[in-house]
Amino acid sequence: MRIISGEKKGLPLKAVPGSSTRPTTDKVKESIFNIIGPYFDGGIALDLYAGSGGLGIEALSRGVDKVIFVDQDRKAVSTVKANLSQCDLADQAEVYRNDADRAIKALIKRDISFSLIFLDPPYAKQKIAAEISILTDHNLLEDDGVIVTEHDAGVRLPEEINELTKVRSETYGDTTISIFKKEKIN
């Protein structure tokens, strides 16, 4: 795994030890950023199921100002911190060990909103539609923000969740990327 583009292009990233996490492949990561970017002019991102932190770190390399990383796995949190340090990006990040539900509740209390949210839960435990609904109900996504989901290819997410519309969906082997944005009203 490596950073594909941006300021930190080419730097290697460590994977989380063991088999408890499934890293986003470089091919899928490159495709995600070609669809949503490829570069950003600031903003704050949330990497809710961070794993190694690859998606959030890629966003930082491509111009996002700050990323909040959350994972409940102790090894994942250590890996995110090591990768941020190796890439000299630790000062642009907050890293928390927490489950997604508690993390979302904490973010609601902070009254924060994100321009970019990554949801890449364990495939067997995914509840992406419900999480997107909560995120939008509590205005955690900015008006022009994007939610990027990574899920099992067999999972079909709704075309609309609250005021968000699925604008793109791409499948790579057993992985599907679904991207949601707020529907613009003309």
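See the structure above.
This section reports on the structure supplied with the text.

Conventions used here
Residues numbered from 1 in each chain as written. Predicted model: local features only at pLDDT ≥ 70, side-chain atom pairs only at ≥ 80, totals over all residues. Heavy atoms only, no water. Salt bridge = Lys/Arg side-chain N within 4 Å of Asp/Glu carboxyl O. Helix = DSSP H or I, 4+ residues; strand = E, 2+ residues; numbered from the N terminus. Buried < 20%, exposed > 50% of the residue type's maximum accessible area, 1.4 Å probe, protein only. Core = buried A, V, L, I, M, F, W, Y, C linked by side-chain atoms within 4.5 Å. Contact = heavy atoms within 4.5 Å. Axes fitted to C-alpha atoms, helices over the stretch in contact; angles between N-to-C directions. Parallel < 35°, antiparallel > 145°, perpendicular 65-115°, else oblique. Nonpolar A, V, L, I, M, F, W, Y, C, P; charged D, E, K, R; others polar. Expected span 1.5 Å × (residues − 1). Arc of directions from axis to C-beta. Polar contact = N/O pair within 3.5 Å; in protein donor to acceptor, adjacent residues only side chain to side chain. 1 Å grid on protein atoms, 1.4 Å probe; cavity = no way out; pocket = protein on both sides within 12 Å on 5 of 7 lines; lining within 4 Å. Points joined across faces, edges and corners; volume = space filled by probe spheres on them. Phe/Tyr/Trp six-rings, centres within 6.5 Å; stacked < 30°, edge-to-face > 60°. Left-handed = near helix turned anticlockwise from the far one by under 90°.

We now examine the pattern of salt bridges. Under the counting rule described, the total for this entry stands at 13 salt bridges. Put simply, arginine 110 and glutamate 94 hold a salt bridge, and the shortest N to O gap is 2.8 Å. With arginine 110 in helix 4 (residues 100–110) and glutamate 94 in strand 3 (residues 93–97), the pair connects residues that are 16 residues apart, well separated along the chain. On the basis of relative accessible area, glutamate 94 is assigned to the buried category, the value being 15%. Via salt bridges that share partners, Arg2, Asp26, Lys29, Glu58 and Arg62 belong to a single interconnected network.

Here we come to the nonpolar core. The biggest cluster of nonpolar side chains holds 26 residues, and the ones touching the most others in it are Ile32, Ile36, Phe69, Leu116, Phe118 and Val148. Only helix 1 (26–36), helix 2 (54–61), strand 2 (66–71), helix 3 (74–86), strand 4 (114–119), strand 5 (141–152) and strand 8 (175–182) provide two or more residues apiece to this core. Not counting residues up to four positions away in its chain, the partners in contact with leucine 116 are Ile36, Phe40, Ile44, Ala45, Leu46, Ala59, Val64, Val146 and Val148. Counting residues in each nonpolar core, the second largest holds 24 residues, with Ala100, Ile132, Ile161 and Leu164 among its members.

Within the secondary structure, phenylalanine 40 sits in the loop between helix 1 and strand 1 (44–47). A C-alpha to C-alpha distance of 22 Å links phenylalanine 40 and isoleucine 132, two positions 92 residues apart in sequence. Beyond its immediate stretch of four places on either side in the chain, phenylalanine 40 contacts Phe33, Ala59, Arg62, Gly63, Val64 and Leu116.

It is worth spelling out the packing of helix 4 against helix 5 (residues 128–137) at this point. The geometry of helix 4 relative to helix 5 is characterised by a closest axis approach of 11 Å and an angle of 10° between their N-to-C directions. As far as their axial angle goes, helix 5 and helix 4 are roughly parallel. Listed contacts from helix 5 to Ala100, Asp101, Ile104 and Ile108 of helix 4 are Glu131, Ile134 and Leu135. Classifying every residue of the contact of helix 4 with helix 5 gives 5 nonpolar, no polar and 2 charged.

For helix 3, which comprises 13 residues, the first-to-last C-alpha distance of 18 Å matches the rise-based estimate of 18 Å (1.5 Å per residue) to within 8%. Every buried residue of helix 3 is listed here: Ala76, Val77, Thr79, Val80, Asn83 and Leu84. Viewed end-on, helix 3 has its buried residues packed into an arc of 160°, placing them on one side of the element. With a side-chain oxygen lying 2.6 Å from the backbone nitrogen of lysine 75, the N-terminal cap of helix 3 falls on aspartate 73. Positive backbone phi, at 55°, marks aspartate 88, one or two positions downstream of helix 3.

Counted as a void, the largest pocket has a volume near 600 Å³. Where the lining of the largest pocket is concerned, the elements lending two or more residues are helix 2, strand 2 and helix 4. A per-class count over the lining of the largest pocket returns 13 nonpolar, 9 polar and 11 charged.

All chains considered together, the criterion is met by 2 aromatic pairs. Both rings, one in phenylalanine 33 and one in phenylalanine 118, keep their centres 5.9 Å apart while their planes meet at 50°; by these two values the pair is tilted. Of this pair, phenylalanine 33 sits in helix 1 while phenylalanine 118 sits in strand 4, and the two are 85 residues apart along the sequence. Exposure remark for phenylalanine 33: the relative accessible area of 0% places this residue in the buried category. Taken together, Phe33, Phe40 and Phe118 form an aromatic cluster joined through their ring pairs.

At a minimum axis separation of 11 Å, helix 1 and helix 2 run at an interaxial angle of 45°. It follows from the interaxial angle that helix 1 and helix 2 lie oblique. Like other packed secondary-structure pairs, helix 1 and helix 2 cross with a definite hand, here right-handed. Residues Lys29, Ile32 and Phe33 of helix 1 pack against Gly54, Leu55, Glu58 and Ala59 of helix 2. The class makeup of the residues in the contact of helix 1 with helix 2 is 4 nonpolar, 1 polar and 2 charged.

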